[in-house]
Amino acid sequence: NEVQDRGTFILGPFVRNWFYWFQSPLDRAALAMGMGPLFFNLLGVSFGIVAAAFFATGHLSLGGWAVLLGGWADVVDGRLARALGVTDERGAFLDSTLDRFAEFAAFVGLAVLFKGSDLGLVLVVTALGGSLLVSYARARGESVGVVCKLGVMQRAERLLLLGFGAILDPAVSAWLGRDIGALLVPVLGIVAVGTVGTAVFRTWWI
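Residues numbered from 1 in each chain as written. Predicted model: local features only at pLDDT ≥ 70, side-chain atom pairs only at ≥ 80, totals over all residues. Heavy atoms only, no water.

Novice: What am I meant to see in the pattern of salt bridges here?
Specialist: Per the stated rule, a full pass over the model turns up 6 salt bridges. The residue R155 makes a salt bridge to D99 at a minimum N-O spacing of 3.8 Å. Placement of the pair is R155 in helix α7 (residues 155–176) and D99 in helix α5 (residues 89–113), with a sequence separation of 56 residues. As far as the burial class goes, R155 and D99 line up, both buried. The closest approach of N and O atoms between E103 and R155, which form a salt bridge, is 3.6 Å. Here E103, found in helix α5, pairs with R155, found in helix α7; they are 52 residues apart in sequence, far enough to count as distant. The same class applies to E103 and to R155, which are both buried. (Salt bridge = Lys/Arg side-chain N within 4 Å of Asp/Glu carboxyl O. Helix = DSSP H or I, 4+ residues; strand = E, 2+ residues; numbered from the N terminus. Buried < 20%, exposed > 50% of the residue type's maximum accessible area, 1.4 Å probe, protein only.)

Written out as structure tokens, the structure reads:
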């Protein structure tokens, strides 16, 4: 199931199961229209690139929505693969690799957005590096026969934090009378610390 594939979702089974219940009719519609897992793999990458473009041009809310939609596409591709009985090593490789491309693109857009802020840029780079290290530690562990899906800052948590942080940032920044980033920079700090901490923990555990 999804928990076994992705690890434990920090918000708990209630939120996860509610989302899957809500998603089920959309899965059936996608299957009826002949949309397979690869379509949603590529759609996720496309949303990552769109998010990068929005972030780089200062459209934080739109970028945040693109990040969340990319996460949604990532969920759908796995569900469709299982529904069609086409889960295999090729699909698993494409899924995880294309996820990294999508995430990388979004962070590049954030780097452009915060290029004038030393703190913002450092947090973006650290969050990106930590995100890649979380996935790398798991992959290398599995390559030597040790499976570790533990940690508090996995892909779902990163996407939710970045997505909602970007969506809410313009309103929060305006309310505080500050430039954009008043909310998103602290969120990036949480992602940076969480991902590096998760990567270190997985390295130690493995």
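Novice: Whenever I open this one, the environment of I167 confuses me. Can you help?
Specialist: With respect to the helices, strands and loops of the structure, I167 is situated in helix α7. Residue I167 is classed as buried on the basis of its relative accessible area of 15%. For the pair I167 and H59, spaced 108 residues apart in the sequence, the C-alpha separation amounts to 9.3 Å. Beyond its immediate chain neighbours, meaning those up to four positions away, I167 contacts L60, S61, G64, W65 and L68. (Contact = heavy atoms within 4.5 Å.)

Novice: Help me out: how do you make sense of a nonpolar patch on the surface in this one?
Specialist: Nonpolar side chains collect at one region of the surface, where V144, L150, F201, W204, W205 and I206 lie side by side and expose about 620 Å² of accessible area between them. Its location among the elements puts I206 in the segment after α8 (184–205). (Patch = residues over 30% accessible without salt bridge, like charges linked within 9 Å, V, L, I, M, F, W, Y side chains within 5 Å. Areas by Shrake-Rupley, 256 points an atom, 1.4 Å probe, with all protein chains shown as cover.)

Novice: When you look at α8 in this model, what are you seeing that I'm missing?
Specialist: Three or four residues apart is the spacing at which side chains of an α-helix point the same way, because the helix has 3.6 residues per turn. The first and last C-alpha atoms of α8 sit 31 Å apart over 22 residues, in line with the 32 Å expected at 1.5 Å per residue. Taken together, the buried positions of α8 are L184, V185, V187, L188, G189, V191, A192, G194, T195, T198, A199 and R202. (Expected span 1.5 Å × (residues − 1).)

Novice: Where do I start with the environment of K149 in this structure?
Specialist: The residue K149 is located in the loop between α6 (118–143) and α7 in this model. C-alpha separation for the pair K149 and V134, spaced 15 residues apart in sequence, amounts to 9.4 Å.

Novice: So what exactly am I meant to see when it comes to the nonpolar core here?
Specialist: If you look at soluble globular proteins, the nonpolar side chains tend to sit buried side by side. Judged by nonpolar contacts, the single largest core of 23 residues is most densely connected at F55, F107, L110, F114, L184 and L188. Only α3 (37–56), α4 (60–84), α5, α6, α7 and α8 provide two or more residues apiece to this core. Take this core: its biggest share by element is 6 residues, from α8. The residues contacting F55, other than those within four sequence positions of it, are L60, G63, G64, V67, A106, G109, L110, L113 and A166. (Core = buried A, V, L, I, M, F, W, Y, C linked by side-chain atoms within 4.5 Å.)

Novice: When you look at the packing of α5 against α6 in this model, what are you seeing that I'm missing?
Specialist: Describing two packed helices takes the angle between their axes plus the distance from one axis to the other. Close contact between α5 and α6 brings their axes to 9 Å; oriented N to C, the two are set at 170 degrees. Between α5 and α6, the angle falls in the class roughly antiparallel. For the pair α5 and α6, the contacting residues are R100, E103, F104, F107, L110 and A111 in the first and L121, V124, A127, L128, S131, L132 and S135 in the second. Split by residue class, the contact of α5 with α6 holds 9 nonpolar, 2 polar and 2 charged. (Axes fitted to C-alpha atoms, helices over the stretch in contact; angles between N-to-C directions. Parallel < 35°, antiparallel > 145°, perpendicular 65-115°, else oblique. Nonpolar A, V, L, I, M, F, W, Y, C, P; charged D, E, K, R; others polar.)

Novice: Hey, could you run me through the packing of aromatic side chains in this one?
Specialist: The description of an aromatic ring pair rests on the distance of the ring centres and on the angle between the ring planes. This structure, assessed with the given rule, holds 3 aromatic pairs. Both rings, one in F39 and one in F40, keep their centres 5.1 Å apart while their planes meet at 85 degrees; by these two values the pair is edge-to-face. A relative accessible area of 4% means that F40 is categorised as buried. Among the aromatic residues, those joined into a cluster by ring pairs are F39, F40 and W72. (Phe/Tyr/Trp six-rings, centres within 6.5 Å; stacked < 30°, edge-to-face > 60°.)

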